[in-house]
Amino acid sequence: MFADYSMGELTAIFAMQGFAGLILFSIFVLMALGLAIIFGQMGVINMAHGEFLILGAYVTYITSHVFQDVMPGLFSIYFFVAMILAFIASGALGMFVEWALIRHLYKRPLDTLLATWGLSLILQQAYRSIFGAREVGVTIPDWMMGSVYLTDMIEVPINGLFVMGLTVIIFAAVGALMFRSTWGRSMRAVVQNRTMAEGVGIDSEKIDRLTFGLGCGIAGVAGSAFTMIGSTGPTAGQQYIVDTFLVVVFGGAGSLLGLVASAFSISQAQSILEFFLSGSMAKVLTLLAVVGILMLRPQGLFTLKLRK
Amino acid sequence: MLNVTDLHAAYGQSEILHGLHLNVAPGEIVAIMGRNGMGKTTLMKTLMGIVPATAGTVRVGEAAIGGLKPHQRVANGVAYVPQGRMIFSAMTVQENVETGLTVTGKKEVPGDIYELFPVLLEMKGRRGGNLSGGQQQQLAIARALASDPKVLLLDEPTEGIQPSIIREMARTLRRIRDQRGLSIVVSEQVLSFALDVADRVMVIENGRFVHDSPRDGIDEAKVSKFLSV
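Residue indices follow the written sequence of each chain, beginning from 1 at its first position. Written order decides the labels, with chains lettered from A and ligands numbered from 1. Residues qualify for local features only when their pLDDT is at least 70, as the model is predicted, and side-chain atom pairs are given and counted only at 80 or more; totals for whole chains, interfaces and linings, by contrast, use all residues.

Trainee: I'd like to hear about the UniProt feature "transmembrane region" (unreviewed entry) in chain A, residue by residue, with values.
Mentor: All names here are of chain A. UniProt positions are given in the numbering used here, feature names are shortened, and annotations may be inferred rather than shown by experiment. UniProt records the feature "transmembrane region" (unreviewed entry) for residues 12–40, 52–71, 77–97, 158–179, 210–229, 241–263 and 275–296 in the present numbering. Strands are runs of DSSP state E lasting at least two residues, helices are runs of H or I lasting at least four, and both sets are numbered from the N terminus onward. Helix makes up 100% of residues 158–179 and strand 0%, and the two end C-alpha atoms of the span are 32 Å apart. Within residues 210–229, the helical portion is 85% and the strand portion 0%, while the C-alpha atoms at the span's ends are 29 Å from each other.

See the structure below:
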């Protein structure tokens, strides 16, 4: 399959597909971060995670229109406001859902699966009723358009660079929150042993609500970033939920480093294979590889070995 | 300091504790002895609010803590070292101790805790799960002390720990009591440890206290008869 291309072309292809893979990697990491907190830490399988993502995308869409109509002068920075609003909206909805639904189901994982699946259907229909079945896109401010030419043949899109930068910042913030803050310490304690965490004075219900809210809020930010890459429809979240779970499970639930490694390998494999094979063939090969590795390492790539 | 009256607790339909009365004075160490299945752990869990009490009152000082959740009881001055230690194994030793600070609002672990357990200071960067059983037990006690309790509950702290460390632990517990003036309730099956550590020994059988005697002048033969299988 490489025979039709010259050496220079191949380098350019690998560089650009590699970069496209990096953008996909950033999106994966952003999406999987929220899930890594909710699924990896709390053990809740949230089938509606994709819908929280889409909520963030719709909030961004609304914000862009408000800025266009009300204060066009500030349009170039609307995206930052939109991200904060997306975080708040998805996070608030997440906390409400935790309070109304999830907290009653912590000891019944299968019921959680069904309940959140139902929630995802409700949210999809809500989006359809409010925003219409058609996909919507946002206008990207001028400074995010276009691309940077590294050589004649290699160009990288600016919005891709922006998403990557955003991912690094959010990842660092989540890492610091989980491993350096009091809340993160309490969360890890609750995750490891809920009864004992209560027994040392941690209000586990409050921690659960904040944790779930944070995971959903990050999904909202991911959705916000997502609008720069693709358009948003009521069911767009469904396409990504499988990939996202794949990343979290492959990386080893609960490990942030594993999440990065798994998102990186899956996105790179997919992106480079996609150029030479068809999209579905690329997916089949990636999935096969992931399944094979998981058979050898059922706990995922990165796990802690400890005395129980 | 700890005042329990007519405490009942049940798992579903089967009642385990049938009306317990217990008074622990400030600075007193009480050992609760009994064979397996007599209700020691259930009593501890009920005092912590992990198992709900079906009747009775629990007071710490002036505060009635009967209906509160576990974390609220900790805020009211009860600390708990459970059977099997239950440390957070994936977290470092220091983080484990810091979880106990939650209700005090402090950021730093007070130095006197590491003074009591110097081995924890040496190992503060290690994960709790990689410690030996005796070290984990010390960690669990340190974590409980971090919440600055008035009453410390220990559930079978000697289980699975080598004899030399058991004697050391009795000394440490008395030292903690002398330094901090807190009350300690410890459930135990090992009579020698109970006699080493306690001011008063009570025996629980089938969810009722059947014997209550101060350490001095205790009828050892009678207590060990309760404990024999």
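Having put the structure on the table, let's press on.
Trainee: An account of the interface of chain A and chain B is needed here, citing residue identities and associated values.
Mentor: Often, the extent of an interface is quoted as the loss of accessible area on bringing the components together. A pair of residues counts as a contact when their C-beta atoms, built from backbone coordinates, are separated by no more than 7 Å. Residue-level contacts link 18 residues of chain A with 25 residues of chain B. With five residues, helix α6 (residues 182–192) of chain A is the largest single contributor of residues to the side of chain A that touches chain B. Partitioned by chemical class, the residues of the side of chain A that touches chain B number six nonpolar, six polar and six charged. Following the grouping adopted for this structure description, the nonpolar residues are Ala, Val, Leu, Ile, Met, Phe, Trp, Tyr, Cys and Pro, the charged ones are Asp, Glu, Lys and Arg, and the polar ones are all others, Gly among them.

Trainee: Would you mind going over the sheet that holds strand β5 (residues 63–64) of chain B in detail, with residue names and values included?
Mentor: Residues and elements named next belong to chain B. Strand order in the open sheet formed by four strands is β2-β1-β4-β5, with antiparallel pairing between adjacent strands. For this open sheet the edge positions go to β2 (14–24) and β5, each flanked by a neighbour on one side alone. Pairs of strands are assigned from DSSP output, requiring at least two bridges between the strands. Sheet topology note: the strand β1 (residues 2–11)/β2 ladder contains eight bridges and is antiparallel. Residue Leu2 lies in a different strand from β2, and its bridge partner there is Val24. Sitting on the sheet, helix α1 (residues 40–48) touches β1, β2 and β4 (53–60), and the angle it makes with β2 is about 70°. For every element, the axis is a line fit to its C-alpha atoms; helices are fit only across the contacting stretch, and the angle between N-to-C directions ranges from 0 to 180 degrees.

Trainee: Which residues make up the pairing of strand β9 (residues 200–205) of chain B, and what values go with them?
Mentor: All names here are of chain B. Sheet analysis places strand β3 (residues 29–33) next to β9, joined by four bridges and oriented parallel. The partner of Met33 across the bridge, within β9, is Val203. Pairing analysis gives six bridges linking β9 to strand β10 (residues 208–214), with the strands arranged antiparallel. Bridging across to β10, Met202 finds its partner in Asp212. Hairpin geometry of β9 and β10 is characterised by an intervening segment of two residues between the two adjacent antiparallel strands and by a positive phi of about 45° at Asn206.

Trainee: Help me get a handle on the packing of helix α10 (residues 256–276) of chain A against helix α11 (residues 279–296) of chain A, residues and values and all.
Mentor: Residues and elements named next belong to chain A. Contact geometry for α10 and α11: axes closest at 8 Å, N-to-C directions at 145°. α11 is crossed by α10, and the crossing has right-handed handedness. Between α10, through Ile266, Ala269, Gln270, Leu273 and Glu274, and α11, the contact on the second element is made entirely by Gly279, Ala282, Lys283, Leu285, Thr286, Ala289 and Val290. Across the contact of α10 with α11, the residue classes break down as seven nonpolar, three polar and two charged. Definitions for this section: a left-handed crossing has its near helix turned counterclockwise from the far helix by less than a right angle. A right-handed crossing has that turn clockwise.

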